Amino acid sequence: MSEAVANGSGGKVRKVALQLVLGAICGGVGMFAALWLFEGQSGSKVDPARVLAIGTALVFGLMAFFVGLGALAPSLGARTLNVEDEDELTEQKTNLLVGAVTFFLIAALLTGLALGGSAGAAGTLLGPQEAALVAGAATLALAVWSFVHREKGDEMMRAAAKDAGSITTYLVVLVFGIWAAAAHLEFVAMFEPLVFVAGVFALYLLAVFIAVGKRGLLMPR
Amino acid sequence: MENRVKEWREHAGWSQGELARRLGVSRQTVNAVETDKYDPSLPLALRMAKLFGQPVDQLFLDHWEPEA
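Reading the values: rules and limits
- Residues numbered from 1 in each chain as written.
- Chains lettered and ligands numbered in written order.
- Predicted model: local features only at pLDDT ≥ 70, side-chain atom pairs only at ≥ 80, totals over all residues.
- Heavy atoms only, no water.
- Core = buried A, V, L, I, M, F, W, Y, C linked by side-chain atoms within 4.5 Å.
- Buried < 20%, exposed > 50% of the residue type's maximum accessible area, 1.4 Å probe, protein only.
- Helix = DSSP H or I, 4+ residues; strand = E, 2+ residues; numbered from the N terminus.
- Axes fitted to C-alpha atoms, helices over the stretch in contact; angles between N-to-C directions.
- Parallel < 35°, antiparallel > 145°, perpendicular 65-115°, else oblique.
- Left-handed = near helix turned anticlockwise from the far one by under 90°.
- Patch = residues over 30% accessible without salt bridge, like charges linked within 9 Å, V, L, I, M, F, W, Y side chains within 5 Å.
- Areas by Shrake-Rupley, 256 points an atom, 1.4 Å probe, with all protein chains shown as cover.
- Salt bridge = Lys/Arg side-chain N within 4 Å of Asp/Glu carboxyl O.
- Contact = heavy atoms within 4.5 Å.
- Buried area = accessible area lost by both parts, 1.4 Å probe.

### Thoughts on the nonpolar core
The tendency in soluble globular proteins is for nonpolar side chains to be buried as a group. One finds A:Phe60 and A:Leu110 to be the most contacted residues of the largest nonpolar core, which totals 43 residues. Elements with a contribution of two residues or more to this core: helix H1 (3–42), helix H2 (48–72), helix H5 (93–115), helix H6 (128–148), helix H7 (155–184) and helix H8 (193–214) of chain A. Membership of the second largest hydrophobic core comes to 22 residues, among which are A:Met156, B:Ala20, B:Val30 and B:Ala32.

Next up, the structure:
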């Protein structure tokens with residue numbers, strides 16, 4: 001093996017390790033801080049549905065941050081994102097910004113719902129009206145933003161997005177369809193509304209990884 | 001689909017980025033086509049063939065044969 005190849009693969013391993021460590025640290029610290037904040041407010045354990053919503057929002061928020069960083073500061077982004085070099089980020093700046101804003105809006109929607117609810121419940125920082133305002137504004141912005149930018153990206157990214165949509169449908173039917181059927185037959189308790197909303201976005205995220213993974217976009221570059 | 005895009009790209013002396021720029025797609029798309037992870041649309045396959053000055057069946061290899 002030549003030195004250049006050895007250095008190249010060593011560099012890739014270091015980069016993947018950095019991405020994993022950064023992701024784990026940010027996710028862990030963020031989740032710990034969120035739970036500490038909520039449980040500190042009420043003094044009791046937070047509802048698992050809110051934990052799922054906050055966890056999913058956190059992942060989308062982190063993705064928004066790192067993708068946005070790649071668009072606005074390519075030299076920094078090239079160290080944390082799976083790209084060949086910073087030029088690739090510069091070439092993809094518009095698509096990255098569209099993605100970052102989309103992820104941010106999903107994070108805002110889920111955060112608004114996770115923090116909302118009737119007063120007194122653990123994790124409730126917003127009243128129902130305020131939460132509805134945050135979630136409604138994020139949903140509206142998400143719908144308009146997605147529609148305006150529906151043709152952005154090249155053909156492979158559009159194919160991956162369509163693929164992710166259909167995989168999400170299968171996953172939602174599989175997870176929530178079976179769960180609801182089992183609840184109808186009284187084998188299990190029915191899921192909470194927030195579990196469904198957060199779960200759909202979590203499954204969408206999984207579907208996106210499957211769709212882009214099939215096209216080799218998760219291979220270290 | 002098995003293809004010779006990488007071979008023709010290297011023959012032309014282009015990087016993946018250069019080919020992507022000429023085709024109006026992302027580098028990731030060129031990489032995915034070359035590594036057989038993504039089959040391009042017919043318009044993109046035709047553009048590649050035009051760019052390399054080759055017929056499409058010299059770029060993309062189909063081993064299917066019609067039944068006699």
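Next comes the rest of the description.
### Considering the packing of H7(A) against H8(A)
Residues and elements named next belong to chain A. In contact at an axis separation of 8 Å, H7 and H8 are set at 135° when each is read in the N-to-C sense. One way to sum up the angle between H7 and H8 is to call them oblique. Viewed along their axes, H7 and H8 form a crossing whose handedness is right-handed.

### A look at a nonpolar patch on the surface
All names here are of chain A. A cluster of nonpolar side chains, contributed by Phe32, Trp36, Leu37 and Leu125, occupies part of the molecular surface with about 470 Å² of accessible area. In this fold, leucine 125 is placed in the loop between H5 and H6. Assessed through its relative accessible area of 36%, leucine 125 is described here as partly exposed.

### Quick notes on unusual backbone geometry
Its identity as a non-glycine residue notwithstanding, A:Glu186 has a phi of 65°, on the positive side. If you trace the backbone, A:Glu186 turns up in the loop between H7 and H8. Positive phi is not limited to glycine here, since B:Asp36 has a value of about 65°. You can see B:Asp36 is positioned in the loop between helix H3 (27–34) and helix H4 (42–52).

### What to know about the interface of chain B and chain A
For interface size, the figure often reported is the accessible area lost on association. Listed per partner, the contact involves 13 residues of chain B and 17 residues of chain A. Note on chain B versus chain A: buried area summed over both sides is about 1300 Å², and carbon and sulfur give 43% of it. On the chain B side of the contact with chain A, B:Arg27, B:Gln28 and B:Tyr38 bury the most area, a combined 52% of that side's loss. Where chain B touches chain A, the interface holds three salt bridges.

### Overview of the pattern of salt bridges
Inspection of every chain in the model, using the stated rule, returns nine salt bridges over all chains. Of the charged contacts in the structure, one is a salt bridge between B:Arg21 and B:Glu18, with a shortest N-O distance of 2.9 Å. With B:Arg21 and B:Glu18 both in helix H2 (residues 16–23), this residue pair falls three residues apart, about one helical turn. Among the residues examined, B:Glu18 registers a relative accessible area of 22% and is labelled partly exposed. Each member of the salt-bridge network shares a partner with another, and the members are A:Glu84, A:Asp85, A:Glu91 and B:Arg27.

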